[in-house]
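This is what each chain is made of:
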Amino acid sequence: MKAKLEEIRLAAEAQLAEPSADLEAIRIKYLGKKGELTAVLRGMGALTPEERPIVGAVANEVRAFIENAIAVKVEEQKKGALLDKLKAERIDITMPGDKIIAGRRHPLAQVRREMEDIFIGMGFSVVEGPEVEYDYYNFQALNIPENHPARDTQDTFYITDNILLRSQTSPVQVRTMEKQKPPIRVISPGRVYRSDAVDATHSPLFHQLEGLVVDKGITMGDLKGMLETFAKTMFGESTKIRFRPHHFPFTEPSAEVDVSCFVCGGKGCRLCKNEGWMEILGAGMVHPNVLRGCNIDPEEYSGFAFGMGIERIVMTKYNIDDMRLLYENDMRFLGQF
Ligand code: PHE
């Protein structure tokens, strides 16, 4: 029987030495109710009274040995699991990190903000108007009655007969004058729409920035000085501006305004197509009919307005020759600004 107990001890020891030993299974196999050691103890009744204490002592020793060996293994396995976990979770701080691609403002938004800052610096506030607009605000109140030829150059998208996508930011002039009495000094940037086919210089959706100043004694000289300050801040201190007579139904007199080419300084180069000048906006003195329509007395007040395409300014400033680049969202292009 002692030999049997020794055999059990050796067998248990061997099994526990296996690295992936199932400790609970081993415990049940030897020490459980139907375990091998338990079976030996049950058979002790067959021993002589002299043998019994001796075999009993050995049996207890074997039991203690197995219990202890299991306890040691449990600790070992726990530690091993922790080490494995630590190893798996280790961070190699010397590895190159994942590159985070930081976004940035679109050049259209950058330039719009730059323009806003310049005008805010001159005392303007920023106002907004709806993109889905009434025919009244987009045309009629701007001195463009039905069948006026100016409607042809600003053909747009109609929602109903008298609701459309605004073709210019000028309706915000009217909305502002209806709400606010002079002195008025506002700019209004935003999206505008025209039924133009897409090409290098046209898009059915583009952006404008409108300006409006109404007060007592406002003259064309104020318009000129203000636009000159804008142009110098936007394109450089040596920039000159030039007014060319033009026609807009809602301003009188009206002008198209050019800036001297900031690349060649006016001598003529590739950027300005040898003109020396680049057109950037339309402007003029607010037409008396427009003022009257907003209940502002043209005998008492006068004002000027201007409107410019933000795309045109971006393309001029950065020498971009194809407007479509601004809408394609190609990071290789946008990342350059
Ligand atoms: N709204 C005009 C356009 O889109 C520009 C303009 C604005 C002209 C204000 C004069 C005064 O062409």
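Our structure's up above, just so we're on the same page.
Residues numbered from 1 in each chain as written. Predicted model: local features only at pLDDT ≥ 70, side-chain atom pairs only at ≥ 80, totals over all residues. Heavy atoms only, no water.

J.: Let's hear about the side chain of N138: which residues, and what values?
T.: With respect to the helices and strands, the residue N138 is situated in helix α6 (residues 135-138). Judged by relative accessible area, N138 falls into the buried class, the value being 0%. A polar atom in the side chain of N138 sits 2.9 Å from the side chain of S167. (Helix = DSSP H or I, 4+ residues; strand = E, 2+ residues; numbered from the N terminus. Buried < 20%, exposed > 50% of the residue type's maximum accessible area, 1.4 Å probe, protein only. Polar contact = N/O pair within 3.5 Å; in protein donor to acceptor, adjacent residues only side chain to side chain.)

J.: Run through the packing of helix α5 (residues 107-121) against helix α9 (residues 220-235), naming residues and quoting values.
T.: Viewed as axis vectors pointing N to C, α5 and α9 meet at an angle of 135°, and their least axial separation amounts to 10 Å. Taken together, α5 and α9 sit at an angle that is classed as oblique. When you trace α5 past α9, the crossing you get is right-handed. Together, V111, E114, M115, I118 and F119 of α5 and M226, F230, T233 and M234 of α9 make up the contact between the two elements. For the contact of α5 with α9, the class distribution of residues is seven nonpolar, one polar and one charged. (Axes fitted to C-alpha atoms, helices over the stretch in contact; angles between N-to-C directions. Parallel < 35°, antiparallel > 145°, perpendicular 65-115°, else oblique. Left-handed = near helix turned anticlockwise from the far one by under 90°. Contact = heavy atoms within 4.5 Å. Nonpolar A, V, L, I, M, F, W, Y, C, P; charged D, E, K, R; others polar.)

J.: An account of the pairing of strand β10 (residues 302-309) is requested, with residue identities and associated values reported.
T.: β10 sits mainly inside the fold: six of its eight residues count as buried. For strand β6 (residues 205-215) and β10, the ladder comprises eight bridges, and the chain directions are antiparallel. Bridged to L209 within β10 is M308. (Pairing = 2+ DSSP bridges.)

J.: Before we move on, can you summarise a negative patch on the surface with the specific residues and values?
T.: There is a patch of like negative charges on the surface, built from D152, D155, D196 and D199. Relative to the helices and strands, D199 is located in the loop between β5 (184-193) and β6. Given the relative accessible area of 31%, D199 is considered partly exposed. (Patch = residues over 30% accessible without salt bridge, like charges linked within 9 Å, V, L, I, M, F, W, Y side chains within 5 Å. Areas by Shrake-Rupley, 256 points an atom, 1.4 Å probe, with all protein chains shown as cover. Salt bridge = Lys/Arg side-chain N within 4 Å of Asp/Glu carboxyl O. Lys, Arg positive; Asp, Glu negative; His and termini not counted. Charge placed at Lys NZ, Arg CZ, Asp CG, Glu CD.)

J.: Go over the sheet that holds β10, please, and point to the residues and values.
T.: In spatial order, the strands read β1-β5-β6-β10-β9-β8-β7; together these seven strands make up an open sheet with mixed pairing. Strands at the two margins of the open sheet, each flanked by one partner only, are β1 (125-126) and β7 (241-248). Note that strand β9 (residues 277-286) and β10 share five bridges and pair antiparallel. By the bridge assignment, M285 is partnered in β10 with F304. Those strands touched by α5 are β1, β5, β6 and β10, and its axis lies near 165° from that of β5.

J.: Would you mind going over the site of the ligand in detail, with residue names and values included?
T.: As a matter of local geometry, the ligand sits amid 15 residues, with Q168, S170, R194, Q208 and E210 nearest to it. Residue Q168 places a side-chain N or O atom 2.7 Å away from a nitrogen atom belonging to the ligand. With respect to the ligand, the side chain of S170 contributes an N or O atom lying 2.9 Å from a nitrogen atom. The protein chains hide 92% of the 330 Å² of surface that the ligand would expose on its own. For the shell around the ligand, the secondary structure elements donating two or more residues are β6, β9 and β10. At three residues, the largest contribution of residues to the shell around the ligand is made by β10. (Near = heavy atom within 4 Å.)

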